[in-house]
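# Structural description and commentary
The lines below spell out each chain.
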Amino acid sequence: MSYLERWWRDASESKRESFINLVNNGQLEIVGGGWVMNDEANSHYFAIIEQMMEGNTWLNDTIGVVPKNSWAIDPFGYSSTMAYLLRRMGFENMLIQRTHYELKKELALQKNLEYIWRQSWDAKETTDIFVHMMPFYSYDVPHTCGPEPAVCCQFDFARMRGFVYELCPWGEHPVETNQQNVEERALKLLDQYKKKSTLYRTNTLLVPLGDDFRYISIDEAEAQFRNYQMLFDYINSNPRLNAEAKFGTLDDYFRTLREEADRINYSRPGEVGSTQLGGFPSLSGDFFTYADRQQDYWSGYYVSRPFFKAVDRVLEHTLRATEMMMAFLLGYCQRSSCEKLPISFSYKLTAARRNLALFQHHDGVTGTAKDHVVEDYGIRMHTSLQDLQIFMSKAIEVLLGIRHEKSDQNPAQFEPAQVRSKYDAQPVHKTISAHEGTAQSVVLFNPLEQTRDEVVMAIVDRPDVTVLDSNWTCVKSQVSPELQHHKSKVFTGRHRVHWKASVPPLGLQVYYIANGFVGCEKAKPAKLRIFTKAKDLPCATPYACSKLEDDTAVIHNRHHTLTFNVDHGLLQKISRDDGSQNDIGEEIGMYSSSESGAYLFKPNGDAEPIVKTGGQLVVSEGPLMQEVFSYPKTVWDKSPISHSTRIYNGDNTIQEFLIEKEYHVELLGGEFNNREVIVRYKTDFDNKGIFYSDLNGFQMSRRETYDKIPLQGNYYPMPSLAFMQAPNGHRFSVHSRQSLGVASLKKGWLEIMLDRRLVRDDGRGLGQGVMDNRPMNVIFHILLESNISSTSNPVSNTHPLSPSLLSNRVGAHLNCPLHAFVAKKPEEVSVQPPPRSFSPLASSLPCDLHIVSFKVPRPAKYSQQPAEDPRFVLILQRWHWDSSYCRKGRAQCLSVVDEPINLFDMFKGLAFLNARATSLNLLHEDTEMLGYTDQGDAAQEGHVLISPMEIQAYKLEVRPHK
């Protein structure tokens, strides 16, 4: 729809009218109707819902139609998450194309290219959706009329001489059809149709006719139409041929096919089908990793342009948080004056939604666009990020009651704690300068639905500071030097202050960083231990520094003891409070790959370790955070990577259970050409070659490493999580906040690719390599867990396993971080400000219930919408979690969803009125058609019961309580 919207903007009234007529007559069908045709490997489910909603809403508002057939011919592999989301959006059928050639062969053999796609957890057929998989190499005409491209190419009449397209590479070219040759041509074409039809069960055959950048002139369209009409007329007028051929839309195809399947039973004996549409097998799973020929596996794009894959997710969680603030501003507002700020922002909000949606394109978040297009995506996302942050900076003043009447013109008193100078720069922390006798306020927004106790960090220019909460009470804090990726100058001269914050769900909390506040103890300086081959020991004031003399360095908190090899600066092992110990065997390596490109990963052999002995190591130990920073020695003068490992102390925090790894990667300069950098954890978990990686941050998929396929075929997408499980039930999980690629190439190994720099084009249409690398940081949260009851065996159980409750929460915290804002001006310490916070929820929601979004879909029309038409949307998701892992103790959980929760009691000071369940694109209210069970009218009373794994949307009206 992003293209159609551009055309529509400039189209004349009469053109628009003709267009709507064609659609209404069924002569033109709009399929999918998303803002883009999204990638399915790297895209997060939040952004997929967002881009479908944006496109479908625009389409319905503008043209008045709601699509029911999805068309995704170009994404490089397919995710079952997409099938789930489309079903819950009211789609009935989907069409896909790019799946592994061996898989197409196998499905064709069994006539399973048309099937019912069912989710792995679904026992009640509520997620079933009909799928047509195209059978051949490509979606162009040579590969759609039948099995022989040399023949089919002759029926692509836009390739006749005189048009701009390339001639047929097989040597035989299309010729104009006339009375003399029509019989011979028609029989040749029909022969292809018949051969193709043997791969499917029914007598209804789909033959797409088109390609990239086609139908650019009337003459071209006319050439296709004129020739095909003559061929069809011949076929249809000869009863002996026993065939009928005609033009149609995708909907005509699916309708005809379903009518036939209702009349004739095509089921195979013993086959598991679906009661929703008989005659076809039901299948579960996903279609990664895609190979289109030989050993060409498309696993490179899981990692290409990782910098922008990270920005994508930052924009996503910032948009989610902004939408919530917007909803609160309008929900708590009773007069038009307080509607000014949110409503005046609605234009930029729409732009932000569309910029995020646009990047979900299968050449956007995939990293497979040309440099100047990447730049355009990057600038769009950066602009929107800045717009959203400025709006949030103003919104918090209203929500905290500092100012009631806020118009968009007033400058904000706050600014985001992290800012980006340009679209391709890393975010930089604002330095808080606390002069003697002043305090700087820091406001934290918690976008999650449970109270959040978390060790947080701010950058200060001097170490002698004190942290106070909003009641002006002392808060324990620690200060440590800020470190940077630099061979000799490790210390920046700035300082990090850490303290434990507590922020209410969906709420705001204020803290103060003060200087010269009497009666509170100052931030405790960390102790530093340093290993360096340099003559002088670098040290930062006012810290106590000592030399690291041992071969190993150790840091520990209540739950873990981490041991590092000092010479290499790598994490060797982790011991836990229950006495168990695991080898971690961290290794940083590089693949050399002369044939890889933006799409393909084609390494020359295995990765080689790059870390030599004798780098720099800085260990800092404080009461709240302990860290090992390593700038390793490599064969290059400037190391392409440095990294930190952190553990935290904090009662009631999730952080105390995890290990934080942060890698700074700079694949800059020619010496890294045709290199792909990985981190590999060579653990002692005997995972039997099986691991689990997520699909779109929504569900897990079981992955098994096969010796029979090349290394690159064993790489899988990792949008947010991968884990391995040993036979004793112990788990090793790595959470990420951006999409990357993951593999387990040997027993107990888990490796993740961080970046790739490639000179050559890999021949899939991009026409360039990937050389525009940027410095970037990748953060992982690592979790080691033991089961408390017997768990399922990964080898015999082919179903995916679910994360534990703790693991789900770690992922949510990493992907929905606290948003921090700092005051532009300091306050006097002598005057205590009134305590300020914002706490909209009546209490924390159950731990396995997640608010996907709370928003006002059409803020620009907010004041004009009739009152009975609900103006707010709440989308909830219930996680599925593996109950054989500890629940309450470790995940800091008060409750889980055991019974229906009441929407109407969720918020303080807000009344929720006429709630009704709706589809995920907000366009259908018949929940039975969407596959939801037992919804009924429960939503009317505010009662919501969501089954595990489900996402459920509600439209509702929100008013302040009288």
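Described below are features of the structure shown in this document. (Residues numbered from 1 in each chain as written. Predicted model: local features only at pLDDT ≥ 70, side-chain atom pairs only at ≥ 80, totals over all residues. Heavy atoms only, no water.)

### Considerations on the environment of T62
Here is the rule: Helix and strand assignments come from DSSP, with helices taken as H or I runs of at least 4 residues and strands as E runs of at least 2, each series counted from the N terminus. Categorising residues by exposure relies on relative accessible area from a 1.4 Å probe, with only protein chains included: less than 20% of the type maximum marks a residue as buried, more than 50% marks it as exposed, and the intermediate range marks it as partly exposed. Residues are treated as being in contact if the distance between any of their heavy atoms lies within 4.5 Å. Counting of polar contacts relies on pairs of N or O atoms within 3.5 Å, with two restrictions inside protein: one atom must be capable of donating a hydrogen and the other of accepting it, and residues adjacent in sequence are counted only when both atoms are side-chain atoms.
Looking at the secondary structure, you find T62 in helix α3 (residues 45-62). Judged by relative accessible area, which is 22%, T62 ranks as partly exposed. Spatially, the C-alpha atom of T62 lies 52 Å from that of N471, the residues being 409 residues apart in sequence. With near-sequence residues (within four places) excluded, T62 lies in contact with W8 and I20. Separated by 2.5 Å, the side chain of T62 and the backbone oxygen of W58 make a polar contact.

### Comments concerning the packing of α3 against helix α12 (residues 346-359)
What counts is decided by this rule: Axes here mean lines fitted to C-alpha atoms, for a helix over just the part in contact, with angles spanning 0 to 180 degrees between N-to-C directions. For any helix crossing, the convention is left-handed if the near helix is rotated counterclockwise from the far helix by under a right angle, and right-handed if that rotation is clockwise. Three residue categories are used. Nonpolar comprises Ala, Val, Leu, Ile, Met, Phe, Trp, Tyr, Cys and Pro, charged comprises Asp, Glu, Lys and Arg, and polar comprises the others, including Gly.
Running from N to C, α3 and α12 point in directions that differ by 115°, and their axes come no closer than 9 Å. Classified by chirality, the crossing of α12 by α3 is left-handed. Between α3 and α12, the residues in contact are F46, A47, E50, Q51, E54 and W58 and T350, R353, R354, L356 and A357, respectively. Considered class by class, the residues forming the contact of α3 with α12 number 5 nonpolar, 2 polar and 4 charged.

### As for the packing of α3 against helix α10 (residues 306-331)
Viewed as axis vectors pointing N to C, α3 and α10 meet at an angle of 65°, and their least axial separation amounts to 10 Å. Along this stretch, α3 crosses α10, giving a crossing that reads as left-handed. Contact residues: α3 offers F46, A47 and E50, while α10 offers E316, L319, R320 and E323.

### A word on the nonpolar core
Basically, it comes down to this: By convention a nonpolar core is built from buried Ala, Val, Leu, Ile, Met, Phe, Trp, Tyr and Cys residues, the set being connected through side-chain atoms within 4.5 Å.
With 199 residues, the main nonpolar core has F732, L754, F780, F854, L903, I951 and L956 as its most contacted residues. Among residues more than four places away in sequence, those in contact with L956 are F854, P870, R871, F872, L874, L903, F912, L913, N914 and A915.

### A look at the environment of I73
With respect to the helices and strands, the residue I73 is situated in the loop between β1 (69-72) and α4 (80-88). Residue classification places I73 among the buried positions, given a relative accessible area of 11%. Not counting chain neighbours up to four residues away, the residues in contact with I73 comprise M37, Y78, L95, Q97, R98, M134 and Y139.

### Side note on the side chain of D292
Counting through the fold element by element, D292 comes out in the loop between β5 (282-283) and α10. The exposure class of D292 is buried, given its relative accessible area of 7%. Polar contacts involving the side chain of D292 include one to the side chain of W298, which spans 3.1 Å. Of the polar contacts made by the side chain of D292, one reaches the side chain of R764; its length is 2.8 Å. Aside from chain neighbours lying at most four places away, what touches D292 is Y101, Y137, W298 and R764.

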